[in-house]
Amino acid sequence: MNAPTAPDTGGRQMAWAGYTAAVLAVGFGLFSFYWAAGGTFGLDTLGGAIQRMAERRNSGFIAVVWITGALKVAGGLFSLSLVRPWGRVVPRPLMLLAGWGGAVLLTVYGALQVGSLLLVATGVLTPSDPVEWKPLLWRLFVWDMSFLVWGVLLFLATRTYVMNHPRRPERRGGN
């Protein structure tokens with residue numbers, strides 16, 4: 001009689017993080033493409049200089065928005081590659097470098113942005129210009145928070161990748 005096996009508590013249960021990170025990243029990438037193509041819906045949620053450059057269609061700024069849109073979509077595909085079999089075509093060290101590095105960068109960036117916005121929203125910091133509340137709240141709870149959430153999800157997806165793709169044992173004895 002075979003001994004009962006423990007339930008799978010490994011990475012397969014955490015694959016949702018990679019899928020969720022992909023949806024978040026691609027969704028925000030599509031918003032970037034929409035704004036770069038001239039869409040105006042939601043621009044008032046950006047506020048400040050970013051909103052003004054988008055409204056004026058500053059060519060350098062628009063190029064940056066196209067690039068960031070492409071990076072977000074690529075990040076979404078990468079998030080999927082961490083939890084899908086086709087992600088194995090990329091060498092493990094590269095996957096880990098991109099996964100852990102991206103998770104740290106996104107989490108730190110998002111945390112700094114959200115933290116500074118929280119300080120303004122709670123009155124701890126008072127900016128020199130008057131506070132534009134709609135953009136501040138949108139950035140706090142949607143735009144900048146998405147980077148923080150994406151970073152945490154990417155961390156979980158990378159952890160899933162590590163659990164599902166352990167290192168290959170080293171060959172011994174010259175075989």
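- Per an unreviewed UniProt entry, the protein chain carries the name DUF3995 domain-containing protein and comes from Streptomyces endocoffeicus.

Section: the packing of aromatic side chains
So, point 1. What the rule picks out here adds up to 8 aromatic pairs.
So, point 2. Taken together, a centroid distance of 5.3 Å and an interplanar angle of 75 degrees make the contact between F31 and W143 edge-to-face. Here F31 is found in helix α1 (residues 15-36), whereas its partner W143 is found in helix α5 (residues 133-164), with 112 residues between them in sequence.
So, point 3. An angle of 85 degrees between the planes, with centres 5.2 Å apart, marks the rings of Y109 and F147 as edge-to-face. Separated by 38 residues along the polypeptide, Y109 in helix α4 (residues 92-121) and F147 in helix α5 bring together distant segments of the chain.
So, point 4. Under the relative-accessibility criterion, Y109 is labelled partly exposed at 39%.
So, point 5. Counting every residue linked through ring pairs, the aromatic cluster contains F28, F31, W35, W138 and W143.

Digging into the pattern of salt bridges
So, point 1. Inspection of the entire model under this criterion finds 2 salt bridges.
So, point 2. Note that D44 is salt-bridged to K134, the shortest N-O span being 2.5 Å. Separated by 90 residues along the polypeptide, D44 in the loop between α1 and α2 (48-56) and K134 in helix α5 bring together distant segments of the chain.
So, point 3. Accessibility expressed as a relative area gives 35% for D44, which makes it partly exposed.
So, point 4. Salt-bridge contacts for D144 lead to R139; the nearest nitrogen and oxygen are separated by 2.9 Å.
So, point 5. Accessibility expressed as a relative area gives 5% for D144, which makes it buried.

A short note on the packing of helix α3 (residues 59-81) against α5
So, point 1. It is the contact of α3 with α5, at a shortest axis distance of 11 Å, that shows an interaxial angle of 25 degrees. With respect to their mutual orientation, α3 and α5 come out roughly parallel. In terms of crossing hand, the pair formed by α3 and α5 is left-handed. Across the interface between the two elements, K72, G75, G76, F78 and S79 of α3 pack against F147, W150 and L154 of α5.
So, point 2. Of the residues in the contact of α3 with α5, the class split is 4 nonpolar, 3 polar and 1 charged.

The rules behind each value
Residues numbered from 1 in each chain as written. Predicted model: local features only at pLDDT ≥ 70, side-chain atom pairs only at ≥ 80, totals over all residues. Heavy atoms only, no water. Phe/Tyr/Trp six-rings, centres within 6.5 Å; stacked < 30°, edge-to-face > 60°. Helix = DSSP H or I, 4+ residues; strand = E, 2+ residues; numbered from the N terminus. Buried < 20%, exposed > 50% of the residue type's maximum accessible area, 1.4 Å probe, protein only. Salt bridge = Lys/Arg side-chain N within 4 Å of Asp/Glu carboxyl O. Axes fitted to C-alpha atoms, helices over the stretch in contact; angles between N-to-C directions. Parallel < 35°, antiparallel > 145°, perpendicular 65-115°, else oblique. Left-handed = near helix turned anticlockwise from the far one by under 90°. Contact = heavy atoms within 4.5 Å. Nonpolar A, V, L, I, M, F, W, Y, C, P; charged D, E, K, R; others polar.

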